Amino acid sequence: MKDASPIFTKRFESYIWIRPEGRGTFLESSIIKDLVGSSAEDGIRNFIIDLEACPGMDSTFMGMLAGLGIGFRKNKKGEISIVGTTKKTRASLKELGLQYLMAIEPTDGPWLEKMDEARENLVLLDQKSEIDREAHVLECHEDLCTADESNLHRFRTVLDMMGSDMAPKTPPHQKGSD
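Remember, it's a predicted structure, so these values are computed and weren't measured experimentally.

**Student:** Just to check I follow, could you spell out the confidence of the model for the protein chain for this structure?
**Tutor:** Detailed reading of the predicted coordinates is not advisable wherever pLDDT is low. When pLDDT is averaged along the protein chain, the result is 87, and 92% of the positions lie at 70 or above. Here residues 171–178 scores under 50 on pLDDT; set against residues more than four positions off or in separate chains, the count is three contacts.

Listed below in structure tokens is the structure:
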């Protein structure tokens with residue numbers, strides 16, 4: 001199995017900068033989830049996810065982002081900002097409804113004028129995660145469906161295969177059935 005792509009991070013004042021380098025997949029998502037969870041327990045409330053070096057993301061990675069956004073919205077104790085997006089990654093995030101859970105390319109923030117400095121001072125994150133991968137993949141897809149109900153049909157096969165209670169019970173629309 002492939003190893004996770006490198007993830008760089010550093011704490012700056014009141015926020016943590018997180019920069020995955022390479023495609024964002026289920027491998028990187030569990031590592032970032034661990035980092036954000038432990039940092040939030042330590043009182044950090046603001047997280048910058050820098051996608052400048054991340055050319056694409058799978059649904060589990062975006063589901064992890066959705067789950068973090070849902071958690072912060074629910075307990076009102078933090079926020080996620082996504083920066084460095086390409087037209088493609090920004091469109092993917094918005095297509096799944098993540099713009100309602102986090103700031104995508106925000107125009108304000110205490111770190112905005114320090115982006116270059118932040119990117120120059122990052123350190124490689126320990127790539128270990130103790131998260132159960134199968135449960136993590138399921139949770140991330142359920143979070144995408146919580147973020148935007150229209151995602152239920154998009155991810156019905158994954159939800160159904162993994163035994164989710166969220167899986168739609170109606171059969172998918174089939175051509176020629178009208």
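The structure having been displayed, the exposition proceeds.
**Student:** Looking at this structure, how should I read the nonpolar core?
**Tutor:** Side chains of nonpolar character tend, in soluble globular proteins, to be buried together. Within the largest apolar cluster, 35 residues are counted, with the highest numbers of intra-cluster contacts made by Ile 18, Phe 47, Leu 65, Ile 82 and Leu 93. For this core, the secondary-structure elements that each account for two or more residues are β2 (15–20), α1 (26–41), β3 (46–50), α2 (59–75), β4 (79–83) and α5 (133–147). The dominant element in this core, judged by the number of residues it contributes, is α2, at eight residues. Excluding residues within four positions of it along the chain, Leu 65 makes contact with Ile 49, Ile 82, Leu 93, Leu 98 and Met 102.

**Student:** Sorry, what's going on with the pairing of β3 here?
**Tutor:** Remember that side chains alternate between the two faces of the sheet whenever the strand is regular. When you tally the buried positions in β3, you get four out of five residues, the bulk of the element. For β2 and β3, the ladder comprises four bridges, and the chain directions are parallel. Looking across to β3, one finds that Trp 17 is bridged to Ile 48. With respect to chirality, the unit in which β2 leads through α1 into the neighbouring parallel β3 is right-handed. For β3 and β4, the ladder comprises five bridges, and the chain directions are parallel. The residue of β4 that forms the bridge with Asp 50 is Val 83. In this view, the connection linking β3 to its parallel neighbour β4 by way of α2 has right-handed handedness.

**Student:** Sorry if this is basic, but what is going on with the side chain of Ser 39 here?
**Tutor:** In this fold, Ser 39 is placed in helix α1. You can call Ser 39 buried: its relative accessible area is 7%. A polar contact is formed between the side chain of Ser 39 and the backbone oxygen of Leu 35, at a distance of 2.8 Å. Apart from the residues lying within four places of it in its own chain, the contact partners of Ser 39 are Ile 16, Ile 44 and Phe 47.

**Student:** Looking at this structure, how should I read the sheet that holds β3?
**Tutor:** Strands in a sheet are paired, the pairing made by backbone hydrogen bonds, and the direction either parallel or antiparallel. Across the sheet, six strands lie side by side as β5-β4-β3-β2-β1-β6; this open sheet has mixed pairing. If you trace the sheet from one side to the other, it starts and ends with β5 (103–104) and β6 (123–124), each paired once. Running over the sheet, α1 touches β1 (7–12), β2 and β3 and is turned about 175 degrees from β2.

**Student:** In this structure, what is going on with the packing of aromatic side chains? I would like to understand it.
**Tutor:** Geometrically, a pair of aromatic rings is defined through the distance of the ring centres and the angle of the planes. Using the criterion set out here, one finds three aromatic pairs in the structure. Ring geometry for Trp 17 and Trp 111: centres 5.9 Å apart, planes at 75 degrees, overall edge-to-face. One end of the pair, Trp 17, is in strand β2; the other, Trp 111, is in the loop between β5 and α4 (115–120), with 94 residues separating them in the sequence. The same class applies to Trp 17 as to Trp 111, namely buried. An angle of 10 degrees between the planes, with centres 5.6 Å apart, marks the rings of Phe 47 and Phe 72 as stacked.

**Student:** Just to check I follow, could you spell out the packing of α1 against α2 for this structure?
**Tutor:** The relative placement of two packed helices comes down to the angle between their axes together with the axis-to-axis distance. Across the interface, α1 lies against α2 with an axial gap of 8 Å and an inter-helix angle of 20 degrees. Considering the angle they form, α1 stands roughly parallel to α2. The chirality of how α1 crosses α2 is right-handed. Together, Phe 26, Glu 28, Ser 29, Ile 32, Lys 33, Val 36 and Ala 40 of α1 and Thr 60, Phe 61, Met 64, Leu 68 and Phe 72 of α2 make up the contact between the two elements. Along the lines of polarity and charge, the residues of the contact of α1 with α2 split into eight nonpolar, two polar and two charged.

**Student:** I tried to follow the pattern of salt bridges on my own but got confused; where do I start?
**Tutor:** Where charged atoms of side chains with opposite charge meet at close range, the side chains can pair. One pass over the structure, following the stated rule, counts eight salt bridges. We note a salt bridge from Arg 19 to Glu 21, for which the minimum N-O separation is 3.0 Å. By relative accessible area, which is 10% here, Arg 19 ends up buried. Here Glu 21 falls in the partly exposed class, since its relative accessible area comes to 29%. For the salt bridge of Glu 139 with Lys 33, the shortest nitrogen-to-oxygen distance reads 2.4 Å. Of the two residues, Glu 139 sits in helix α5 while Lys 33 sits in helix α1, which places them 106 residues apart along the sequence. For Lys 33, a relative accessible area of 23% translates into the label partly exposed. By sharing partners, the salt bridges in this structure join Arg 19, Glu 21, Asp 50, Glu 52 and Arg 119 into a single network.

Each value, and the rule that gives it
Residues numbered from 1 in each chain as written. Predicted model: local features only at pLDDT ≥ 70, side-chain atom pairs only at ≥ 80, totals over all residues. Heavy atoms only, no water. pLDDT = per-residue confidence, 0-100. Contact = heavy atoms within 4.5 Å. Core = buried A, V, L, I, M, F, W, Y, C linked by side-chain atoms within 4.5 Å. Buried < 20%, exposed > 50% of the residue type's maximum accessible area, 1.4 Å probe, protein only. Helix = DSSP H or I, 4+ residues; strand = E, 2+ residues; numbered from the N terminus. Pairing = 2+ DSSP bridges. Right-handed = clockwise from strand over helix to strand, strands pointing away. Polar contact = N/O pair within 3.5 Å; in protein donor to acceptor, adjacent residues only side chain to side chain. Axes fitted to C-alpha atoms, helices over the stretch in contact; angles between N-to-C directions. Phe/Tyr/Trp six-rings, centres within 6.5 Å; stacked < 30°, edge-to-face > 60°. Parallel < 35°, antiparallel > 145°, perpendicular 65-115°, else oblique. Left-handed = near helix turned anticlockwise from the far one by under 90°. Nonpolar A, V, L, I, M, F, W, Y, C, P; charged D, E, K, R; others polar. Salt bridge = Lys/Arg side-chain N within 4 Å of Asp/Glu carboxyl O.

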